[in-house]
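# Descriptive analysis of the structure
Listed here are the chains, written in short residue letters.
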Amino acid sequence: MDRLIVTLDGPAGSGKSSVARRLAQRLGLEFLDTGAMYRGVTAMALQRGIDVAHEPFYVVELARNCPLRFDWEADPPRLYVRDQDVTDRLRDPDVTGGVSDVAALPGVRDVLVREQQQIGRDHPRLVTEGRDQGSVVFPDADVKFYLDANATVRAQRRAAQLREAGRSVDVAQIRKQILQRDQKDSSRATAPLICPEDAQRIDTSDMTLDAVLDELERRVREAV
Ligand code: DC
């Protein structure tokens, strides 16, 4: 098959990122983390001293003038803004704290959606994950999934990731931030987080990563 686009949408901590990367490996597809792109714009804005919550004009200008580029040779792909590798900044707390405001800006979304659609044309065998991949960016995707999990499980998963990265964690605080981010992501006017009508919804709360992977792999193979 020349083209196989699999979309994976869902809230923070639903397991999307870990699942998307491994699913891509199992199926021999490439992997696109679109949250990294919103984080990349946020990291650049902060580096330039822009107040992302109150200076939307400058954030949008920055997104328009600083195209993002992935290095597809790296696994997972590394993200560059112009010549600067911003990958290691993407999970820092200030970036995580500002990214919902950046992702709510229609001007930023216009730019990134177009960049993602171009990536889809250049890399047509792709597992792509985010919030709007099945609904807005690739409405004609071959297989669409929507992963969900309850907030407590999602907070525990995010805490485990941070611990692994050597960060100190407060699970209750993370849960609160996740709920705030869900609220912002699903109530924003442009491309809110929704489960596309034609997506397969999977609740991963009680599933291991391997179980989710087995299920998704089976369903993709069945569908194509
Ligand atoms: O998946 P993540 O935590 O890296 O996403 C970071 C932020 O970007 C989060 O607030 C949701 C937003 N996002 C989005 O609005 N659309 C996407 N396609 C991907 C992420």
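Above this text sits the structure in question.
Each chain has its residues counted from 1, following the order in which its sequence is written. Selection of residues for local features in this predicted model requires a pLDDT of at least 70, selection of side-chain atom pairs for listing and counting requires 80 or more, and totals for whole chains, interfaces and linings are taken over all residues. Based on all heavy atoms of the structure, the side-chain values leave hydrogens and waters out of the count.

Counted as salt bridges are all cases of a side-chain nitrogen of Lys or Arg within 4 Å of a carboxyl oxygen of Asp or Glu. Under the criterion given, the structure shown has 23 salt bridges. Asp140 is the salt-bridge partner of Arg3, the closest N and O atoms lying 3.9 Å from each other. Pair noted here: Arg3 is in the segment before strand 1 (4–9) and Asp140 is in the loop between helix 6 (133–137) and strand 7 (143–148), with a separation of 137 residues, a long-range link. Partly exposed residues are those whose accessible area sits between 20% and 50% of the maximum for their type, while under 20% is buried and over 50% is exposed, using a 1.4 Å probe and protein chains only. Take Asp140: its relative accessible area is 53%, and that puts it in the exposed class. In this structure, Glu217 and Arg221 form a salt bridge, with 3.0 Å as the shortest nitrogen-oxygen distance. Pair noted here: Glu217 and Arg221 are both in helix 9 (residues 209–223), with a separation of four residues, about one helical turn. Each helix is a run of H or I in the DSSP string that is no shorter than four residues. Each strand is a run of E no shorter than two, and both are numbered from the N terminus.

This part covers the nonpolar core. Nine residue types can take part in a nonpolar core, namely buried Ala, Val, Leu, Ile, Met, Phe, Trp, Tyr and Cys, and a core is a set of them joined through side-chain atoms within 4.5 Å. Counting 34 residues, the largest nonpolar core has Val59, Val108 and Leu112 as the members making the most contacts within it. Elements with a minimum of two residues in this core: helix 2 (34–47), helix 3 (56–65), strand 3 (68–71), strand 4 (78–81), helix 4 (93–103) and helix 5 (106–122). When residues in this core are grouped by element, the largest group, six residues, is from helix 2. Those residues in contact with Leu112, other than ones at most four positions away along the chain, are Met37, Tyr38, Val41 and Leu68. Counting residues in each nonpolar core, the second largest holds 19 residues, with Leu8, Leu23, Ala24 and Leu29 among its members. Throughout, a contact is declared for two residues whenever any of their heavy atoms are within 4.5 Å.

In this model, Asp75 is joined to Pro76 through a cis peptide bond whose omega is 0°. A positive phi angle, near 50°, is found at Arg82, a position not held by glycine. Tracing the backbone shows Arg82 in the loop between strand 4 and strand 5 (84–85). Backbone geometry at Ala191 places phi at a positive 45°, although glycine is not the residue there. Residue classification places Ala191 among the buried residues on the basis of a relative accessible area of 17%.

Keep in mind these numbers describe shape, not what the thing actually does.
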